[in-house]
Amino acid sequence: MPVVLIARDDQYVLNHTTRFIARDTGTVSEPFHLPVVDTHWDGASAETSYQFNDVTFVHRDDEAREVGVVGTFGELHTPVPLREVRFLDEPTGLWAATVRVGKGQVHRYRFTVDGRSVLDPVNPQRQRTDNGQEWSRFFTHGCAVPVSFDRWELRLLERLVTQVLPFQLAENRRFLADFYHKLSRSERDRQFPLAFLMDESVGVVNFIDKLLAREERHNLDDYKICLRLIDDVLRARFPGREPAELGRQAFMDLYDELAANQVPGWDHGRYGEPRYFLLLLRRHAMTGAFAHPKHGGNHGAAAWAYLAERFEFDWRAAVEAPLGRNTDYRG
Amino acid sequence: MADETFDAVIIGSGAGGAPVAHALVRAGKRVLVLEKGPLFHSQHTSPDGLSDFKRDEEFATGAEKVLQVQGVANTGVSFYSSHVEPDLNDEPHVYRDTDGQDRVTIEGYTAQVVGGGTQLYGGVSLRFAPDDFRLRSANQGRDDLRADPGGDVAREARDWPFGYDDLEPWYCRAEELVGINGTRDGQLKPASVDNYQKPLEPNDISAHVAAGMDALGFRRYRTPLAVITEDHAPSGRTVPTDRESIKTAFVNRYGDPLGLKSNTWVSLLHPISTQPGFALRANCVVTHLSATNGRVTDVHYRDPLGRERTVGGTVVVVACSAIESVRLLQLSAERDAGFADRINGNGLLGRYFLTHCFGGASARVPGRHDKSRTLDSDWATDACATPEFVRANGLWAGGAIYNNTSDSALPISMARTWAANDMDTMWKGYLYDLDMRGDQFDGYLTENFGRQLSVAFMANQLPLPTNRITLHPSVRDKWNRPVAHIDKGWHSHDRAVMDVLADRCREILARGGDGVQLIGFGHVGNDVRRIANHVLGGARFGTDPADSVLDPDCRAWRFDNLYVTDGSFMPTSGGANPTLTIQANAFRVGELLTTRV
Ligand SMILES: Cc1cc2nc3c(=O)[nH]c(=O)nc-3n(C[C@H](O)[C@H](O)[C@H](O)COP(=O)(O)OP(=O)(O)OC[C@H]3O[C@@H](n4cnc5c(N)ncnc54)[C@H](O)[C@@H]3O)c2cc1C
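Computed from a prediction, not measured in an experiment: that's the story for all the values here.

(A) Looking closely at the environment of Ala23(B). All names here are of chain B. Relative to the elements of secondary structure, Ala 23 occurs in helix α1 (residues 18–26). Here the alpha-carbon distance between Ala 23 and Thr 543, two residues 520 residues apart in the chain, equals 25 Å. Ignoring anything within four residues of it in the chain, the contact list for Ala 23 reads Gly 590, Glu 591 and Thr 594.

This is the structure in structure tokens:
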């Protein structure tokens, strides 16, 4: 597919990068901001714009004469040229290009600097292909492709977060099921690509998967270690059973034990405070359920719809069409 | 020699800087605004039709970050900042806690973006009351003040160099050009011109506040809010056809993608941005000033990529918000003894740092209301700012009371502010309430969602020389410059003021109708860190060079061309949210400067 280049001006690039990059001491702050994944607007329609994001690649190199980017978002062997960003009519050493990319996608990319291929030195997301080559990686809004967790981890996490959220109540479960079944086929395809995650957790697991790849990368190890420990604990308790398939009570008990900071069988040498993990999980579950669906949770705005159904909450009035019904605000 | 020169160089584009730029450019002058933060657009000012602000709860209070600053007592804690607050690890503010230890805080920042704090503010745009300008005279000879055994009010209260009537025309100018909706009737603050736009219908939850104020005999008015509700000719902004759609809970702590909130970018700077005399450089941080013989010759700044540049101005206006303005002057003084002597010969720079006495009450109302259709506040009253009220309660000064309608309106914000009332303790209440899960979570939503209502007060804080901003001895920012060190405490009389006003807030809710259950009431009197986003004082103006940093024109006493126009000029903090007064004063100074450049 030919790459669609988007005109975003130099001021935009400076606005979204330099406060993280420019400094005399320390390293780049909030490196997860790169590449910049933002709303797309085609100037005409919310409906057609909504399928895409604008992705801005930025690379700093004061010496380079030519910078480009190649990746799976375009043609793998034809670099998209980055232009040199200017300030007060002088070159800044920053290079940038904005391309249109579909929502819900994961891509790998590398920069080409005067013919050399380099990783994005700022973006911490990396991906190794089957042939062993390392690439930089990004994903767009509403992406449901797992990037941080394996399947067993996702399923276990799913069971854990339902303990935190209100959706395990029978009436709320019913509401979610109805909500899902009432959507048209195309809405379902768009909003629930990972149907096995759409249940009582409204996509929270997917939200966490994305958050730990980017903004809260520093918490990924906590999850990896604790999920392994929980898996061990449950396997020891229920020999021969798949932890993710255990009954509700097993997870309710586990929640109480985590809350009390006393989980029989927990290996404290590997992770000191099980309760700390529960606190992380609580914050992430709450945020993932009710944050804007672009962050990967709140599938199809199901949690907002639940609030609207149970309480007074006309979220559609504020949120951009076609997700909401506000046509003044473009997202 | 500086790289280039302008008639005026203005540092900071918020409430204190933008009005000066507006006045000078309209008068045909060549002005450069240097702003540390990015130029985040609203849709109508953006070249691609998209705003950099979003209706997204993750923008107001984002993901967890971990404090890595060394040498303070809270290294390793989590913090959650908005997308336009600096990374605390890059540019921390450090305060001295009551236990004598230094801690980093997120309090005391407004927002670092073109428009400054006015991008995120709730837009509550009250005038100060007439007596707020003359608290020394008003309290002369009083012996009935509560909790002031040392006579500190008599010693420390100051009159402003001018009175309410002198600032009144500038209030009118600010209200007209900024774009504010509200009602006049019932205010204690006389206006020669009514420039308010018509307010929208209040959210129905606010009826309880109206009822409570009425029951107490408090005259009320629609809270003046810096949000346009009608087309606004001075800034060329238009409103959606359906005016009710202006209401959204994405107000306080959110930039407005539609540009209806009257931040200083959309209201004052964007309208002059096509004028030949106007230049704005975003992402440029000023590091220090240098001067020769009382004339600032060079403004030193780092460009977006961090390269050093200089610029000169016939006048130089500092408006970085109080803590950062004081710090910029102190950093300049640190490099040059002559500068230090001129700016701080009397030792007052950084002293008399101020915020507001604040607090309030909250309740749960019997019915359920859609709080997502709202602006930040519906009703206000000046009943606790009248001289009679102030005297009857043994206080030195009064304050404003208004209700909040947008708080706890959105699901994540309700959880993260649950039993936590400041930026540093964000999330803690919800996280540790471990029983709140499953059906109890559902119960929590049933009990609280769309049912929480709060009333807040803002009152004068007693100025004290010990409340001060200095340069931190060891903690440095990402440019390797010392960061601001905040020493702040509450006077016993401040607590008396807060006790009285918090109790009035409680009464308003208690009398708010059948079924209203009080959740709590109180104030910040036991927390030295709290700054209310209102960062004031530290470079106060006055008529006596021995007693102030700035002259009545906001010019540094011993400089020819150095002005300070953000909140730091205030000698007392006023009995209301400060921004409209900062703007009115900045328009006044801007007009003065048109004859000086
Ligand atoms: C969430 C929130 C809600 C608020 N609600 C209200 C309200 O309802 N009513 C009210 O009256 N007030 C409110 N305020 C306070 C209001 O924002 C401030 O009073 C006001 O913005 C202060 O004006 P200022 O000019 O002093 O500073 P600011 O408006 O903050 O402007 C200072 C500017 O200077 C820039 N700057 C700082 N250092 C440098 C440097 N070295 N070089 C270049 N630029 C620099 C900053 O980036 C900033 O843009 C609120 C604030 C917040 C954060």
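(B) Here's a closer look at the sheet that holds strand β7 (residues 220–222) of chain B. Residues and elements named next belong to chain B. Judged by pairing direction, the sheet is antiparallel, and its 6 strands sit side by side in the order β7-β14-β15-β16-β13-β19 without closing on themselves. Looking at which strands have only one partner, the edges of the open sheet turn out to be β7 and β19 (517–523). Sheet twist, expressed as the mean angle between neighbouring strand axes with direction ignored, is 20 degrees. In the sheet, β7 pairs with strand β14 (residues 379–381) via 3 bridges, with the strands oriented antiparallel. Paired with Tyr 221 across the bridge in β14 is Ala 380. Where helix α6 (residues 207–215) meets the sheet, it contacts β7, β14, β15 (399–404) and β16 (452–460), and its direction lies at approximately 20 degrees from that of β14.

(C) Molecular detail of the nonpolar core. Core analysis: the biggest nonpolar cluster contains 167 residues, and Leu289(B) and Leu562(B) have the highest contact counts within it. Per-element tally for this core: the top contributor is helix α14 (residues 492–510) of chain B, with 8 residues. Those residues in contact with Leu562(B) that sit more than four places away from it in its chain are Leu289(B), Val296(B), Val316(B), Val318(B), Leu329(B), Phe339(B), Ile343(B), Cys554(B), Arg555(B) and Ala556(B). One finds Leu165(A), Val233(A), Ala305(A) and Leu445(B) within the second-largest nonpolar core, a separate group that totals 94 residues.

(D) Looking closely at unusual backbone geometry. Look at the link from Leu34(A) to Pro35(A): it is a cis peptide, with omega at -10 degrees. Along the chain, the position of Pro35(A) falls in the loop between α1 (10–21) and β2 (36–39). Here the residue pair Ala321(A) and Pro322(A) is connected by a cis peptide bond, since its omega of 5 degrees sits within 30 degrees of zero. Relative to the elements of secondary structure, Pro322(A) occurs in the segment after α11 (315–318). For Glu30(A), which is not glycine, the phi torsion reads 45 degrees and is therefore positive. The phi torsion at Cys554(B) lies on the positive side, around 70 degrees, for a residue other than glycine. Relative to the elements of secondary structure, Cys554(B) occurs in the loop between β20 (536–537) and β21 (562–564).

(E) Quick look at the site of the ligand. Residues and elements named next belong to chain B. Residues in close proximity to the ligand total 37 residues, the closest being Gly 16, Glu 35, Thr 110, Val 124 and Thr 579. The contact in question runs from an oxygen atom of the ligand to an N or O atom on the backbone of Gly 116, over 3.5 Å. A distance of 3.5 Å is found between an oxygen atom of the ligand and a backbone nitrogen or oxygen belonging to Ala 319. A total of 1,000 Å² of accessible area belongs to the ligand in isolation, and the protein chains cover 98% of it. Of all the secondary-structure elements, those providing two or more residues to the shell around the ligand are β9 (285–292) and α15 (579–593).

(F) Geometry of the pairing of strand β5 (residues 80–87) of chain A. Residue and element names in this part refer to chain A. Both strand β4 (residues 67–71) and β5 contribute to a ladder of 3 bridges, which runs antiparallel. Bridging from a neighbouring strand, Val 67 pairs with Leu 82 of β5. Pairing between β5 and strand β6 (residues 90–102): 4 bridges, direction antiparallel. The partner of Phe 87 across the bridge, within β6, is Glu 90. Turn length for the β5-β6 hairpin, with the two strands adjacent in sequence and antiparallel, is 2 residues, and the turn residue Leu 88 shows positive phi of about 50 degrees.

(G) Quick peek at the domain arrangement of chain A. Residues and elements named next belong to chain A. Along its sequence, chain A is carved into domain 1 (5–139) and domain 2 (151–317). Here the C-alpha centroids of domain 1 and domain 2 sit 32 Å apart. Contact with domain 1, which involves 7 residues of that partner, is made by 6 residues of domain 2. For the pairing of domain 1 and domain 2, the buried interface totals around 740 Å² over both sides, and the portion due to carbon and sulfur atoms is 64%. Of all residues in domain 1, Phe 32, Pro 124 and Phe 139 bury the most surface against domain 2, accounting for 63% of the area lost on that side. Connecting domain 1 to domain 2 are 0 salt bridges. Counting across the interface, domain 1 meets domain 2 through 1 residue pair in polar contact (both at pLDDT 80 or more).

(H) Quick look at the sheet that holds strand β18 (residues 482–487) of chain B. Residue and element names in this part refer to chain B. Read from one edge of the open sheet, 4 strands run β6-β5-β18-β17, paired in mixed fashion. The open sheet is flanked by β6 (102–105) and β17 (468–476), the only strands paired with a single partner. Ignoring strand direction, the axes of neighbouring strands in this sheet form an average angle of 40 degrees. Bridge count for strand β5 (residues 93–96) against β6 is 4 bridges, and the pairing is antiparallel. Considered in β6, the bridge of Val 94 is made with Val 104. Contacts from helix α8 (residues 322–335) reach β5, β17 and β18, with the element oriented near 65 degrees to β17.

(I) A look at the environment of Trp41(A). With respect to the helices, strands and loops of the structure, Trp41(A) is situated in the loop between β2 and α2 (46–49). The exposure class of Trp41(A) is buried, given its relative accessible area of 19%. Taking the C-alpha atoms as reference points, Trp41(A) and Phe139(A), 98 residues apart in sequence, are found 18 Å from one another. Residues contacting Trp41(A), with those up to four places away along its chain left out, are Ala46(A), Ser49(A), Arg330(A), Asp48(B), Gly49(B) and Leu50(B).

(J) Structural detail: the state of the cysteines. All names here are of chain B. Applying the stated criterion to the full structure yields 0 disulfides over all chains. Cys 384 takes part in no disulfide bond, and the closest cysteine sulfur, belonging to Cys 505, lies 7.4 Å away. On the accessibility criterion, Cys 384 (0% relative accessible area) is buried.

(K) A look at the packing of helix α3 (residues 151–164) of chain A against helix α6 (residues 204–211) of chain A. All names here are of chain A. Two numbers describe how α3 lies on α6: the axes approach to 9 Å, and their chain directions differ by 120 degrees. Classed by the angle they form, the pair α3 and α6 counts as oblique. Between α3 and α6 lies a crossing of right-handed hand. In this structure, α3 contributes Leu 154, Leu 157, Glu 158 and Val 161 to the contact, and α6 contributes Val 204, Val 205, Ile 208 and Asp 209. Of the residues contributing to the contact of α3 with α6, the split by class is 6 nonpolar, no polar and 2 charged.

(L) A look at the interface of chain B and chain A. The partner chain A presents 73 residues to the 71 residues of chain B that form the contact. Approximately 6,200 Å² of surface area, both sides summed, lies buried where chain B meets chain A, with 55% of it carried by carbon and sulfur atoms. The three residues of chain B that bury the most area against chain A are Leu305(B), Leu434(B) and Arg437(B), which together make up 12% of that side's buried surface. At the boundary of chain B with chain A, the tally comes to 12 salt bridges. At the junction of chain B with chain A, the criterion picks out 46 residue pairs in polar contact (both at pLDDT 80 or more). Sorting the residues of the side of chain B that touches chain A by element identifies α2 (57–60), β3 (65–66), β10 (295–302), α11 (411–416), α12 (428–432) and α13 (438–448) of chain B as the ones contributing at least two each. With 6 residues, α13(B) is the largest single contributor of residues to the side of chain B that touches chain A. Within the side of chain B that touches chain A, the residues separate by chemical class into 35 nonpolar, 12 polar and 24 charged.

Rules of the game
- By convention here, each chain's residues receive numbers from 1 onward along its written sequence.
- Here every chain gets a letter starting at A, and every ligand a number starting at 1, in the order they are written.
- Only residues with pLDDT of at least 70 are given local features in this predicted model, and only at 80 or more are side-chain atom pairs given and counted; all residues enter the totals for whole chains, interfaces and linings.
- The basis for every side-chain value is the complete set of heavy atoms in the structure, and neither hydrogens nor water enter the calculation.
- Starting at the N terminus, helices and strands are each numbered in turn, a helix being any DSSP run of H or I of at least four residues and a strand any DSSP run of E of at least two.
- Whether two residues are in contact is decided by their heavy atoms, any of which lying within 4.5 Å being enough.
- Paired strands, as defined in this entry, are two strands with at least two bridges between them according to DSSP.
- Axis definition: a line fitted to C-alpha atoms, limited for helices to the stretch in contact. Angles are taken between N-to-C directions and run from 0 to 180 degrees.
- Definition of nonpolar core: a set of buried residues of the types Ala, Val, Leu, Ile, Met, Phe, Trp, Tyr and Cys, connected through side-chain atoms within 4.5 Å.
- Summary of the burial criterion: residues with accessible area below 20% of their type's maximum are buried, those above 50% are exposed, and those between are partly exposed, where the area comes from a 1.4 Å probe applied to protein chains only.
- Each residue is tested against the molecule or strand, and it is near if at least one of its non-hydrogen atoms lies within 4 Å.
- Under this definition, polar contacts are N or O atom pairs within 3.5 Å; protein pairs additionally need one hydrogen-donor-capable and one acceptor-capable atom, and for neighbouring residues in sequence, both atoms have to be side-chain atoms.
- To measure how exposed things are, a 1.4 Å probe is used in the Shrake-Rupley method; for residues, cover is taken only from the protein chains shown.
- Note that the domain bounds were set by an automatic or database domain assignment.
- By convention, the term buried area covers the 1.4 Å-probe accessible surface removed from two parts as they join, with the contributions of both added.
- Counted as salt bridges are all cases of a side-chain nitrogen of Lys or Arg within 4 Å of a carboxyl oxygen of Asp or Glu.
- Note on terminology: disulfide denotes any pair of cysteine sulfur atoms within 2.5 Å.
- Each angle is binned into one of four classes, with values under 35 degrees roughly parallel, values over 145 roughly antiparallel, values of 65 to 115 roughly perpendicular, and all other values oblique.
- Note on convention: near helix rotated counterclockwise from far helix by under a right angle means a left-handed crossing. Clockwise means right-handed.
- All amino acids are sorted into three groups, where Ala, Val, Leu, Ile, Met, Phe, Trp, Tyr, Cys and Pro are nonpolar, Asp, Glu, Lys and Arg are charged, and the leftover types, Gly among them, are polar.

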